[in-house]
Amino acid sequence: MAKAKSSGEPKETRTRNWTCVVYPDSAPENWRDLLDELHIEWIESPLHEFDTNATGEVKKAHWHLLLMFGGVKTYEQVCEVIAPLNCPAPQKCLSAKGCVRYMAHLDNPEKHQYSVSDIIAHGGVDLAELLRPSSSERYAYIREMLIFVKENGITEFKELLDYAYAERFDDW
């Protein structure tokens with residue numbers, strides 16, 4: 001049985017998923033290639049160029065990254081991986097799904113909404129699985145569709161599909 005750590009020892013910093021922020025003005029042009037060459041799973045947010053701070057001032061443009069390793073990595077190991085990107089220190093990610101949802105601000109309606117279709121998966125990540133709506137979200141979408149059908153006098157399923165494809169592709 002493993003011995004419990006005393007309260008004076010540092011907490012474990014090993015985890016599979018890490019997140020960091022990359023800035024266009026400090027990252028090398030080939031920063032994506034550098035990560036792809038490592039053959040790890042990772043996800044790139046849309047360029048966050050409309051985020052604002054508490055005073056309303058626009059923040060410096062940046063990408064959020066989620067690095068997903070096959071095994072646990074220490075903070076130091078992840079720092080080595082991202083060193084060529086010239087980005088700030090990585091942070092542990094406690095929820096890959098929550099991190100990906102944050103990339104489009106799906107749960108933050110007060111923030112600029114980025115398109116889910118602009119989130120890019122690398123290394124074989126199943127992005128659709130991470131963005132799969134919960135049961136309550138699915139029912140809310142169905143409710144929206146039923147209201148839309150009624151309010152717009154839609155009688156053909158194809159009309160609904162055409163609208164959903166053109167206007168609501170990310171959620172319906």
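First, a word on what this report is: a plain description of the structure on this page. The structure presented is a predicted model; accordingly, all values stated were derived computationally and were not measured. (Residues numbered from 1 in each chain as written. Predicted model: local features only at pLDDT ≥ 70, side-chain atom pairs only at ≥ 80, totals over all residues. Heavy atoms only, no water.)

**Re the pattern of salt bridges**
- A complete count under the given rule lists eight salt bridges for this structure.
- When the shortest N-O distance is used, the salt bridge between Arg101 and Glu137 registers 2.9 Å. With a gap of 36 residues between them, Arg101 in helix H3 (residues 96–103) and Glu137 in helix H5 (residues 135–151) connect regions that are remote in the sequence.
- Taking the shortest distance from any N to any O, the salt bridge between Glu129 and Arg132 comes out at 3.0 Å.
- Of the residues examined, Arg132 reaches a relative accessible area of 44% and is grouped as partly exposed.
- Each of Arg101, Asp107 and Glu137 takes part in salt bridges that share partners, so that together they form one network. (Salt bridge = Lys/Arg side-chain N within 4 Å of Asp/Glu carboxyl O. Helix = DSSP H or I, 4+ residues; strand = E, 2+ residues; numbered from the N terminus. Buried < 20%, exposed > 50% of the residue type's maximum accessible area, 1.4 Å probe, protein only.)

**Quick look at the pairing of strand E1 (residues 15–22)**
- Burial within E1 is extensive, with six of its eight residues counted as buried.
- Pairing of E1 with strand E3 (residues 63–73), which is carried by seven bridges, proceeds in the antiparallel orientation. Of the residues in E3, the one forming a bridge with Val21 is His64. (Pairing = 2+ DSSP bridges.)

**Looking at the sheet that holds strand E5 (residues 120–122)**
- On the basis of which strands lie adjacent, the open sheet formed by five strands has the order E4-E1-E3-E2-E5 and antiparallel pairing. Edge positions in the sheet fall to strand E4 (91–92) and E5, since each of these pairs with one other strand and no more.
- With four bridges connecting them, strand E2 (residues 41–44) and E3 associate as antiparallel partners. Of the residues in E3, the one forming a bridge with Glu41 is Met68.

**A few points about the pairing of E2**
- Pairing of E2 with E5 involves three bridges; the strand directions are antiparallel. In the strand pairing of E5, Trp42 is matched with His122.

**Regarding the state of the cysteines**
- Counting across every chain of the model gives zero disulfides.
- Cys20 forms no disulfide, and the closest cysteine sulfur to it belongs to Cys87, at a distance of 4.1 Å.
- Take Cys20: its relative accessible area is 3%, and that puts it in the buried class.
- In this structure Cys93 is not part of a disulfide, and its nearest cysteine sulfur, from Cys99, lies 4.4 Å away. (Disulfide = S-S within 2.5 Å.)

**With respect to the side chain of His64**
- Relative to the helices and strands, His64 is located in strand E3.
- Residue class for His64 comes out buried when judged on its relative accessible area of 12%.
- Among the polar contacts listed, one links the side chain of His64 to the side chain of His62, at a separation of 3.2 Å.
- With sequence-adjacent residues up to four places away left out, His64 is seen in contact with Cys20, Val21, Ile43, Glu44, Ser45, His48, Tyr102 and Met103. (Polar contact = N/O pair within 3.5 Å; in protein donor to acceptor, adjacent residues only side chain to side chain. Contact = heavy atoms within 4.5 Å.)

**Quick look at the packing of aromatic side chains**
- Scanning the model with the defined rule gives seven aromatic pairs in all.
- Through a chain of ring-to-ring contacts, the aromatic side chains of Trp31, Trp42 and Trp63 assemble into a single cluster.
- The ring of Trp63 has Arg32 lying over it, and the distance from NZ or CZ to the ring centre is 5.0 Å.
- Directly above the ring of Tyr23 sits Lys60, whose terminal nitrogen or CZ lies 4.6 Å from the centroid. (Phe/Tyr/Trp six-rings, centres within 6.5 Å; stacked < 30°, edge-to-face > 60°. Lys NZ or Arg CZ within 6 Å of the ring centre and 35° of its normal.)

**Some details on a nonpolar patch on the surface**
- On the surface, Tyr139, Ile142 and Leu146 cluster together into a nonpolar patch covering about 350 Å² of accessible area.
- By secondary structure assignment, the location of Leu146 is in helix H5. (Patch = residues over 30% accessible without salt bridge, like charges linked within 9 Å, V, L, I, M, F, W, Y side chains within 5 Å. Areas by Shrake-Rupley, 256 points an atom, 1.4 Å probe, with all protein chains shown as cover.)

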